[in-house]
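In case you want the letters, here they are:
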Amino acid sequence: DTAVSQTPKYLVTQMGNDKSIKCEQNLGHDTMYWYKQDSKKFLKIMFSYNNKELIINETVPNRFSPKSPDKAHLNLHINSLELGDSAVYFCASSPGPLYTEAFFGQGTRLTVV
Amino acid sequence: AQSVTQLDSQVPVFEEAPVELRCNYSSSVSVYLFWYVQYPNQGLQLLLKYLSGSTLVKGINGFEAEFNKSQTSFHLRKPSVHISDTAEYFCAVTKEGLTGGGNKLTFGTGTQLKVEL
């Protein structure tokens, strides 16, 4: 029973394409996040949703659009993919916006060619 | 804003030797502190966390960390490492308590622990 699951695990696509990454958590958490890990393994938050409401929106190109259809799901859609978007994207969840612990998914390795 | 510094990008150590991975943080407010481990091609797993109370925190897999407020440090230690501990270790910080703009983890740049025979 995977707590936070992301699909796909690997994604290879051409520049200019539009792609989505899906995330689901079965922990009953209210808050979900997207983090980006670059080639040097540096992790940075992109977005956070609490009960389907956007509460954190870091400086991210507007080609990235998160969508939360319900509090168990947080998807990431990326338009007009660029080479620099290549990274590992992690979804995470926590019981609430008071951040005492986060559970991470396995990551989606996005390669833009 | 908070920041985290992990001074050592790589730490090689022999199996069964002790290890310390250093983490220093900067914040103008009280914080919660975390250590996460990332095994190759895996997601992040929580090793341990400091929220309040005893400054010595014990985590999974025999790891422990000590919160030192005066030195703004949260170093991770293990008395005897195993080959299976080879992984990337991330220190992270977040503001204590609920903030109106939402809380987030700020990560250090990671320390690659390589355990050798």
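Our subject is the structure that appears above.
Positions within a chain are numbered from 1, following the residues in the order the chain's sequence is written. Chain labels run from A onward and ligand labels from 1 onward, assigned in the order the entries are written. Per-residue local features of the predicted model are confined to residues with pLDDT of at least 70, and side-chain atom pairs are confined, for both listing and counting, to 80 or more; whole-chain, interface and lining totals are unaffected and use all residues. Values reported for side chains reflect all heavy atoms of the structure, with hydrogen atoms and water molecules removed beforehand.

1. Topic: the pattern of salt bridges
The salt bridge criterion pairs a side-chain nitrogen of Lys or Arg with a carboxyl oxygen of Asp or Glu, the two atoms within 4 Å. Under the criterion given, the structure shown has 12 salt bridges over all chains. The salt bridge involving A:R63 is made with A:D85; its shortest N-O contact spans 2.8 Å. Highlighted residues: A:R63 in the loop between β6 (53–57) and β7 (64–70) and A:D85 in the loop between β8 (73–78) and β9 (87–94), separated in sequence by 22 residues. Exposure remark for A:R63: the relative accessible area of 13% places this residue in the buried category. The salt bridge partner of B:E66 is B:R77, with a shortest N-O separation of 3.0 Å. We count a stretch as a helix when DSSP gives it H or I for four or more residues in a row; a strand needs E for two or more, and each element gets its number in order from the N terminus. Only protein chains enter the accessibility calculation, which uses a 1.4 Å probe. A residue is then buried if its area is under 20% of the maximum for its type, exposed if over 50%, and partly exposed in between.

2. Remarks on the packing of aromatic side chains
The rule is short: rings of Phe, Tyr and Trp, with Trp giving its six-membered ring, pair when the centres are within 6.5 Å, and they are stacked under 30 degrees, edge-to-face over 60, tilted in between. Applying the stated rule across the entire model yields 13 aromatic pairs over all chains. Summarising the aromatic geometry, the rings of A:F64 and A:Y89 are spaced 6.2 Å apart at their centres and angled 35 degrees between planes, so their arrangement reads as tilted. With A:F64 in strand β7 and A:Y89 in strand β9, this residue pair connects regions lying 25 residues apart in the sequence. For the pair A:F64 and A:Y89, a shared accessibility class is recorded, and that class is buried. The interplanar angle of 70 degrees and the centroid separation of 6.2 Å between the aromatic rings of A:F104 and B:F107 together place this pair among those described as edge-to-face. Within this pair, whereas A:F104 is found in strand β10 (residues 103–104), its partner B:F107 is found in strand β11 (residues 106–107), the two belonging to separate chains. Both residues of the pair, A:F104 and B:F107, count as buried. Aromatic rings pair up to connect A:Y33, A:Y35, A:F90, A:F104, B:F34, B:Y36, B:F90 and B:F107 into one cluster.

3. Looking at the layout of surface pockets
Put simply, the largest pocket is a space of about 320 Å³. Only protein atoms enter the 1 Å grid, on which a cavity is a set of points fitting a 1.4 Å probe that cannot get out and a pocket is an open set with protein on both sides within 12 Å along at least 5 of 7 lines, lining residues being those with an atom within 4 Å of a point. In terms of lining, the largest pocket is formed by 21 residues, of which the most central are A:Q37, A:V88, A:R109, B:Q38 and B:N41. Ranked by residue count, the leading element in the lining of the largest pocket is strand β11 (residues 108–112) of chain A, at four residues. Each residue receives one of three labels: charged for Asp, Glu, Lys and Arg, nonpolar for Ala, Val, Leu, Ile, Met, Phe, Trp, Tyr, Cys and Pro, and polar for the others, Gly being one of them. The class makeup of the residues in the lining of the largest pocket is seven nonpolar, 10 polar and four charged. Grid points are joined across faces, edges and corners, and a volume is the space filled by probe spheres set on the points.

Shape is all these values report; function is a separate question.
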